[in-house]
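# Per-entry structural report
Chain by chain, the residues:
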Amino acid sequence: MASIAEYYAGKSVMITGATGFMGKVLVEKLLRSCPEVKALYILVRPKAGQSMQQRVSDMMKCKLFDRVREDDPDFHQKIIPISSELTQPSLAISPEDVQRLTACINVVFHCAATIRFDEPLKHALQLNVMATQQLLSLAQQMHHLEAFIHISTAYANCNRKHIDEVIYPPPVEPRKLIESLEWMDESIVLDITPRLIGDRPNTYTYTKALAEYSVQQEQDRLPIGIIRPSIVGASWQEPFPGWIDNFNGPSGVFIAAGKGILRTMRANNDAVADLIPVDVVINLTLAAGWYTAVHRPKTALVYNCTTGGINPFHWGEIGTYSHIEHHVMSSFKRNPLEQAFRRPNANITSNYLINQYWILVSHKFPAFIYDLFLRLSGQKPQMMRIFNRLHKAISLLEYFSSQDWEWSSENMSMLMGQLAPDDRKTFNFDVRQLNWPEYIDNYCIGTKKYVLNEDMSDIPAARQHLRKLRNIRYTFNTLLVVFIWRVFIARSQMARNIWYFVVSLCFKFLSYFRASSTLTK
Ligand SMILES: CCCCCCCC/C=C\CCCCCCCC(=O)SCCNC(=O)CCNC(=O)[C@H](O)C(C)(C)COP(=O)(O)OP(=O)(O)OC[C@H]1O[C@@H](n2cnc3c(N)ncnc32)[C@H](O)[C@@H]1OP(=O)(O)O
Ligand SMILES: NC(=O)C1=CN([C@@H]2O[C@H](COP(=O)(O)OP(=O)(O)OC[C@H]3O[C@@H](n4cnc5c(N)ncnc54)[C@H](OP(=O)(O)O)[C@@H]3O)[C@@H](O)[C@H]2O)C=CC1
């Protein structure tokens, strides 16, 4: 039977969301590990004043592609951008491009989505559900299609505690919802959104569940596979450890903690932190494409792509837990971020009130002092604004860090069993081998190198800055204690008496110590 690379040789692959975090890693891995692949048709839209062509050539210059560039400097010739805006009718693909695609595409990977938790329902529905439906229609016209792989999320059914590798009945029939929202204006939709999403936390998970159902509806007509990754983090091994390029999910939290801004967050210490490295997800995705095409399963297979049931890691192991310093903080102390606001020291608690207390003491109070300092020195205050944004982001993430889910992963194991030994190495998704402390360390370094673009040679200066911050804190604390004590002594006879008592005790102890040391000489 053909190996994975042999299967993709000579194939034309279409990818949506190729400019995104996971899409880029997918493009890179396909080019590097399946060098005989014929062409990658990537659906891209112009954005932020940049043309489609410009965006694609910028993407290919990115460090992620260094290894591919080394192997084949002309790799860009295999990438064929197709102009497409997924929220438009017919995905805004020109009729000529439609013809081109339907004539040659063998495999489709659908990665595009809005992953924002605060996306208005109508837009999330347009992109995550309606665009998926349109893509399925396009796929049906493809003459040589062998696999259609849809990227979903392990949290599409986060209203359940145990999630099997099946498509659950949707909360509502997607077509009915689309029809009824069509005539409503934004404000009405906003009003009824909480009622519609019910026990799901946001429009993202809700629309991803509807998308899964829409995909499943086509399983008799198309060769379908659905991948459900949990919280996708930096790469584990490939193309190099720790590669990450965004603030989503834990990355933003790690950076905020590393910069010493985030000091407290609500999470259940004992709950599983179901992180999954991006390269693992992509390896599984490519293997699922191969399996769907070669084995043609009768129904759409769902692959829960998670770590919790196989190699669990807990939120408590990430932050500072029971005064034992854990991975993220110790990593950022060894390799500090530049210009930290305070020394990295974040605490995780599941208690709402304790969290609120620390927000007041460790977030709002220092922000107030710092802004006061900025104001007094004639600058624009900014810290409170940064904290308000951080609190908004964190409040959207806490749902996921405060609960536990169980995902079954039989299809992931089955797929691993189907791979030839060499494929198991090249497309490794065996998370039993994942060493969490090492992974988190590389993740933190990755945020520094690839998200913040900081130079590793500046680490000594960053360490010096942390030492300076520690000295400022010691000085501030000492001054505070002396000040409070002075106020006490001045106002209360009792405080004075205690003070004299402590001083005389120290004095007695010192004279006793001196006497006993002269005796022993
Ligand atoms: C001490 C250690 C403790 C550890 C605890 C770890 C906790 C982690 C916990 C739980 C993770 C659970 C995750 C569940 C996952 C589910 C899985 C999936 O399937 S999907 C993927 C997830 N999707 C998201 O993560 C989207 C979340 N993001 C959003 O929804 C929005 O970005 C939001 C509401 C948070 C902010 O929206 P705006 O409108 O205020 O800002 P905007 O436009 O997005 O960004 C403005 C600027 O700020 C940066 N930014 C965005 N988020 C940031 C952040 N968290 N921290 C710092 N900067 C951030 C951006 O890069 C951007 O920068 P520029 O202007 O382009 O230069
Ligand atoms: N990141 C995570 O933690 C997880 C992600 N997933 C799923 O993985 C997939 C990829 O996520 P990720 O890479 O992180 O997301 P990104 O936000 O990084 O990428 C989204 C991609 O979709 C494209 N896109 C968005 N809107 C449109 C549009 N209107 N027309 C054309 N293209 C559009 C974006 O293009 P552009 O560059 O033009 O904006 C981008 O390429 C998603 O389906 C997501 O649900 C699942 C679990 C976890």
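Residues numbered from 1 in each chain as written. Chains lettered and ligands numbered in written order. Predicted model: local features only at pLDDT ≥ 70, side-chain atom pairs only at ≥ 80, totals over all residues. Heavy atoms only, no water.

Quick look at the site of ligand 1 now. With respect to spatial proximity, 29 residues lie near ligand 1, and among them Arg-116, Phe-117, Tyr-204, Gly-249 and Arg-389 are the closest. One of the backbone nitrogen or oxygen atoms of Phe-117 is found 2.9 Å away from an oxygen atom of ligand 1. Here an oxygen atom of ligand 1 sits 2.7 Å away from a polar atom, N or O, in the side chain of Tyr-204. Expressed as a share of its isolated accessible area of 1,400 Å², the protein-covered part of ligand 1 is 73%. Examining the composition of the shell around ligand 1, we find that seven residues originate from one element, helix 14 (residues 383-401), more than from any other. The residue inventory of the shell around ligand 1, partitioned by class, reads 19 nonpolar, six polar and four charged. Residues from two domains meet in the shell around ligand 1; each of domain 1 (4-239 + 274-310 + 406-418) and domain 2 (240-273 + 311-405 + 419-454) gives at least three. (Near = heavy atom within 4 Å. Polar contact = N/O pair within 3.5 Å; in protein donor to acceptor, adjacent residues only side chain to side chain. Areas by Shrake-Rupley, 256 points an atom, 1.4 Å probe, with all protein chains shown as cover. Helix = DSSP H or I, 4+ residues; strand = E, 2+ residues; numbered from the N terminus. Nonpolar A, V, L, I, M, F, W, Y, C, P; charged D, E, K, R; others polar. Domains from an automatic or database assignment.)

An α-helix turns once every 3.6 residues. As a result, residues three or four positions apart point the same way. Given a rise of 1.5 Å per residue, 20 residues ought to cover 28 Å, and the 27 Å separating the end C-alpha atoms of helix 6 (residues 121-140) matches this to within 8%. Of all the bends in helix 6, the largest measures some 30° and sits at Met-130. (Expected span 1.5 Å × (residues − 1). Bend = angle between axes of the 7 residues up to and from the residue.)

Here we come to the site of ligand 2. Ligand 2 sits among 26 residues. The nearest are Thr-19, Arg-45, Arg-55, Glu-85 and Tyr-204. Measuring from an oxygen atom of ligand 2, one finds a backbone N or O atom of Gly-17 at 3.3 Å. Here an oxygen atom of ligand 2 sits 2.8 Å away from a polar atom, N or O, in the side chain of Lys-208. When ligand 2 sits alone it has 880 Å² of accessible area, and the protein chains cover 89% of it. Elements with a contribution of two residues or more to the shell around ligand 2: helix 2 (21-33) and helix 9 (203-216).

To continue, consider the domain arrangement of the protein chain. Split into domains, the protein chain comes out as domain 1 (4-239 + 274-310 + 406-418), domain 2 (240-273 + 311-405 + 419-454) and domain 3 (461-520). When each unit is reduced to the centre of its C-alpha atoms, the spacing between domain 1 and domain 2 is 27 Å. Across the contact, 53 residues belong to domain 1 and 41 residues belong to domain 2. Together domain 1 and domain 2 conceal approximately 4,200 Å² of surface at their shared face, both sides included; 68% is due to carbon and sulfur atoms. On the domain 1 side of the contact with domain 2, Trp-236, Leu-275 and Met-416 bury the most area, a combined 19% of that side's loss. At the junction of domain 1 and domain 2, the tally comes to two salt bridges. Between Asp-118 and Lys-392 there is a salt bridge, and its shortest N-O distance comes to 3.3 Å. One can count 19 residue pairs in polar contact (both at pLDDT 80 or more) joining domain 1 with domain 2. (Contact = heavy atoms within 4.5 Å. Buried area = accessible area lost by both parts, 1.4 Å probe. Salt bridge = Lys/Arg side-chain N within 4 Å of Asp/Glu carboxyl O.)

In the numbering used here, UniProt assigns the feature "domain: Fatty acyl-CoA reductase C-terminal" (unreviewed entry) to residues 363-454. The distance from the first to the last C-alpha atom of residues 363-454 is 25 Å, and the span holds 70% helix and 2% strand. (UniProt positions renumbered as here; feature names shortened; annotations may be inferred.)

As a further point, take the UniProt feature "transmembrane region" (unreviewed entry) in the protein chain. The positions that UniProt labels "transmembrane region" (unreviewed entry) are, in the present scheme, residues 474-492 and 498-515. End C-alpha to end C-alpha, residues 474-492 measures 27 Å, and it is 95% helix and 0% strand. Helix and strand shares over residues 498-515 are 100% and 0% respectively, and the end C-alpha atoms of the span are 26 Å apart.

In contact at an axis separation of 9 Å, helix 12 (residues 327-334) and helix 18 (residues 459-491) are set at 110° when each is read in the N-to-C sense. By the angle between their directions, the pair helix 12 and helix 18 is classed as roughly perpendicular. Between helix 12 and helix 18, the contacting residues are Phe-332, Lys-333 and Arg-334 on the first element and Ile-459, Arg-463 and Leu-466 on the second. Split by residue class, the contact of helix 12 with helix 18 holds three nonpolar, no polar and three charged. (Axes fitted to C-alpha atoms, helices over the stretch in contact; angles between N-to-C directions. Parallel < 35°, antiparallel > 145°, perpendicular 65-115°, else oblique.)

In this structure, Tyr-8, Val-27, Leu-30 and Phe-109 are the most contacted members of the largest nonpolar core, which totals 107 residues. With eleven residues, helix 11 (residues 278-295) is the single largest residue contributor to this core. No fewer than three residues from each of domain 1 (4-239 + 274-310 + 406-418) and domain 2 (240-273 + 311-405 + 419-454) sit in this core. Residues within four places of Leu-30 in sequence aside, it is in contact with Tyr-8, Val-13, Ile-15, Pro-35, Val-37, Leu-40, Phe-109 and Leu-286. Ile-80, Leu-86, Ile-93 and Val-108 belong to the second largest nonpolar core, which has 29 residues in total. (Core = buried A, V, L, I, M, F, W, Y, C linked by side-chain atoms within 4.5 Å. Buried < 20%, exposed > 50% of the residue type's maximum accessible area, 1.4 Å probe, protein only.)

For the second largest pocket, the calculated volume is near 1,000 Å³. Among the elements that make up the lining of the second largest pocket, the one with the highest residue count is helix 18 (nine residues). Both domain 2 (240-273 + 311-405 + 419-454) and domain 3 (461-520) contribute no fewer than three residues apiece to the lining of the second largest pocket. (1 Å grid on protein atoms, 1.4 Å probe; cavity = no way out; pocket = protein on both sides within 12 Å on 5 of 7 lines; lining within 4 Å. Points joined across faces, edges and corners; volume = space filled by probe spheres on them.)

The next thing to look at is the packing of helix 12 against helix 17 (residues 436-451). Two elements in contact, helix 12 and helix 17, have axes separated by 9 Å at closest approach and are oriented at 50°. With respect to helix 17, the element helix 12 is oriented oblique. Helix-helix and strand crossings are classified by hand; for helix 12 and helix 17 the assignment is right-handed. Contact residues: helix 12 offers His-327, Val-328, Ser-331, Phe-332 and Arg-334, while helix 17 offers Pro-437, Ile-440, Asp-441, Cys-444 and Thr-447. Across the contact of helix 12 with helix 17, the residue classes tally to five nonpolar, three polar and two charged. (Left-handed = near helix turned anticlockwise from the far one by under 90°.)

The residue His-123 is located in helix 6 in this model. Note on His-123: relative accessible area 30%, which makes it partly exposed. When the C-alpha positions of His-123 and Lys-38 are compared, they lie 34 Å apart, and in sequence the two are 85 residues distant. His-123 has contacts with Thr-87 and Thr-114, leaving out every residue within four places of it along the chain. A distance of 3.2 Å separates the side chain of His-123 from the side chain of Glu-119, its partner in a polar contact.

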